Every structure is written in C-alpha cells, then in structure tokens.
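Secondary and tertiary structure notes
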Amino acid sequence: MMVDQKPERTRRLPRAQRREQMLAAATEAFARRGFAATSLDDIATEAGITRVILYRHFASKTDLYQAVLDRMCARLDAHVEEPVGGFTAASIDSLLGAAIESPAGFRLLFQHALREAEFKERIEKFRSDITAAAHLQISAVVPDQALARWAAQLAPVVAIEAIIAWLDAGQPDPAQAATRVRQAVMGVIRAAAFDADCLLPSQLVDKDCHDQHGKAQDE
C-alpha cells in the first residue's frame with residue numbers, strides 16, 4: 001500500500017529571526033559568487049527555505065543585496081568608530097574585528113560590492129573617509145605631501161587586503177593577526193618616509209636606515 005508523503009514544511013520563525021536567517025544565507029551566497037551569478041533560488045537553498053518565503057521579505061534580488069550590504073555596513077560602523085587622530089592601530093583592530101565576526105560579509109563589501117556599479121558608492125565613501133583619516137596621521141611624519149597622499153591612499157588598501165588574505169589563509173595565529181596587519185601598513189608609511197639617499201631601504205623594518213648605510217660603508 002502506497003502512502004503519500006507530504007514534503008516537510010519549513011519551520012515557522014518570528015519575522016525578525018527569519019529575516020536574519022535569510023540575510024546570513026544571502027551574505028554567504030553573494031560572497032561566493034557575486035551579485036550577478038547568484039540567483040534567488042541559490043539563496044533560498046542556502047537558507048533552507050522556499051523562494052516564496054524569500055519574496056515575502058524582499059521584493060527583488062537587488063533589494064536583498066542592498067539589505068545584505070546595509071547589515072554588514074552596520075556591523076562595520078559598530079566596530080570602526082569615527083577616527084580620531086588618523087588611521088590608527090585601533091582602526092586596524094576594528095577592521096579585523098568586523099572581518100572575524102563576518103568573513104563573508106567583509107569579503108562581500110570589499111571585493112564584490114566595489115565591482116557592482118549600483119552598490120559601490122557606499123563602499124567608496126567608507127574608503128574615502130578612511131583615506132582622509134590615514135592622511136591625518138601620515139602627513140605628520142611624511143613631509144612630502146604628494147608621498148603622504150600616496151601612502152594615505154595605499155595604507156587602508158593594504159590593511160583591507162591583508163585582512164582578506166588572512167581570512168583566505170584560514171585565519172592563522174589569530175593572536176598576532178592585528179600586529180601583522182599593522183606591520184604591513186607601517187611598511188607603506190616607511191616607504192613614503194624613506195630617504196632616497198639611503199642604499200638599504202629594507203633595513204628600515206628593524207633599524208635606522210642611515211645607521212645601516214654607515215655600517216655598510218665601514219665594512
């Protein structure tokens with residue numbers, strides 16, 4: 001005797017909890033494949049729900065993507081306070097904290113969203129603000145203002161890319177991750193402040209360049 005089996009019904013959740021579940025699933029899906037290559041069916045599958053339920057909360061894929069970005073930007077804002085005195089060690093710690101809390105969201109913001117014309121404006125604004133903050137600090141130690149602007153544009157990029165590379169590597173040695181990212185950023189600042197007459201720029205990492213140059217001449 002054959003018995004018809006009804007498909008298992010999706011468990012009902014409070015609306016806010018269901019929305020958070022869908023945003024978390026969409027973040028993972030969009031971070032893997034980007035906006036264009038990810039379908040609503042992909043996201044529904046990721047969330048373990050039907051497409052019908054997805055449409056009850058979001059009118060379109062664009063609406064959902066924007067909500068995902070808003071969610072991650074809110075997390076970033078919660079971690080990265082208004083910069084005081086420049087792009088500091090605390091700024092890097094905050095970026096890293098946001099990345100640890102949501103690796104997929106961090107990648108989505110700084111890798112995928114920048115490539116999407118209709119979504120990149122907000123991310124570019126964040127980068128512009130953090131570049132201005134970096135310039136406050138760097139211009140105090142780099143007298144050449146053109147080089148200070150160069151380093152201010154590059155330092156936040158290095159920090160973000162270093163964090164993403166650390167996530168991609170499996171988050172090794174987390175206790176020292178912030179220190180390593182800060183060292184990468186300091187490399188940019190040292191390069192901008194580098195004395196062109198010094199023959200051994202690589203020695204700037206540990207010792208004064210001119211001291212090393214003097215020792216080399218003695219030898």
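Residues numbered from 1 in each chain as written. Predicted model: local features only at pLDDT ≥ 70, side-chain atom pairs only at ≥ 80, totals over all residues. Heavy atoms only, no water.

**What about the pattern of salt bridges?**
- Taken as a whole and assessed by the stated rule, the structure comprises ten salt bridges.
- The salt bridge involving D41 is made with R51; its shortest N-O contact spans 3.3 Å. With D41 in helix 2 (residues 40-47) and R51 in helix 3 (residues 51-57), this pair connects stretches of sequence that are ten residues apart.
- Relative accessible area serves as the criterion here: at 39%, D41 is assigned to the partly exposed category.
- Between E101 and R75 there is a salt bridge, with its nearest N and O atoms 3.2 Å apart. With a gap of 26 residues between them, E101 in helix 5 (residues 89-101) and R75 in helix 4 (residues 61-79) connect regions that are remote in the sequence. (Salt bridge = Lys/Arg side-chain N within 4 Å of Asp/Glu carboxyl O. Helix = DSSP H or I, 4+ residues; strand = E, 2+ residues; numbered from the N terminus. Buried < 20%, exposed > 50% of the residue type's maximum accessible area, 1.4 Å probe, protein only.)

**Quick notes on the side chain of H57**
- Structurally, H57 is set in helix 3.
- Excluding anything up to four places from it in sequence, H57 contacts R15, R18, R19, M22 and D63. (Contact = heavy atoms within 4.5 Å.)

**Considerations on the nonpolar core**
- By size, the foremost hydrophobic cluster in this structure holds 60 residues, and its most contacted members are F30, L54, L64, L95, F106, F110 and I138.
- Broken down by element, the residue count for this core peaks at ten residues, all from helix 8 (residues 145-168). (Core = buried A, V, L, I, M, F, W, Y, C linked by side-chain atoms within 4.5 Å.)

**Notes on the packing of aromatic side chains**
- Across all of its chains, the model carries seven aromatic pairs by this definition.
- Measuring from centroid to centroid gives 4.7 Å for F30 and Y65, while their planes differ by 90 degrees, and the two rings are edge-to-face. Of this pair, F30 sits in helix 1 (residues 15-37) while Y65 sits in helix 4; the two residues are 35 residues apart in sequence, bridging distant segments of the chain.
- Look at F30 and you get buried, because its relative accessible area is 0%.
- According to the relative accessible area criterion, Y65 is buried, its value standing at 0%.
- Here K61 stacks its cationic end above the ring of F35, 4.5 Å away from the centre of that ring. (Phe/Tyr/Trp six-rings, centres within 6.5 Å; stacked < 30°, edge-to-face > 60°. Lys NZ or Arg CZ within 6 Å of the ring centre and 35° of its normal.)

From the geometry alone we can't say anything about function, so treat these as descriptive.
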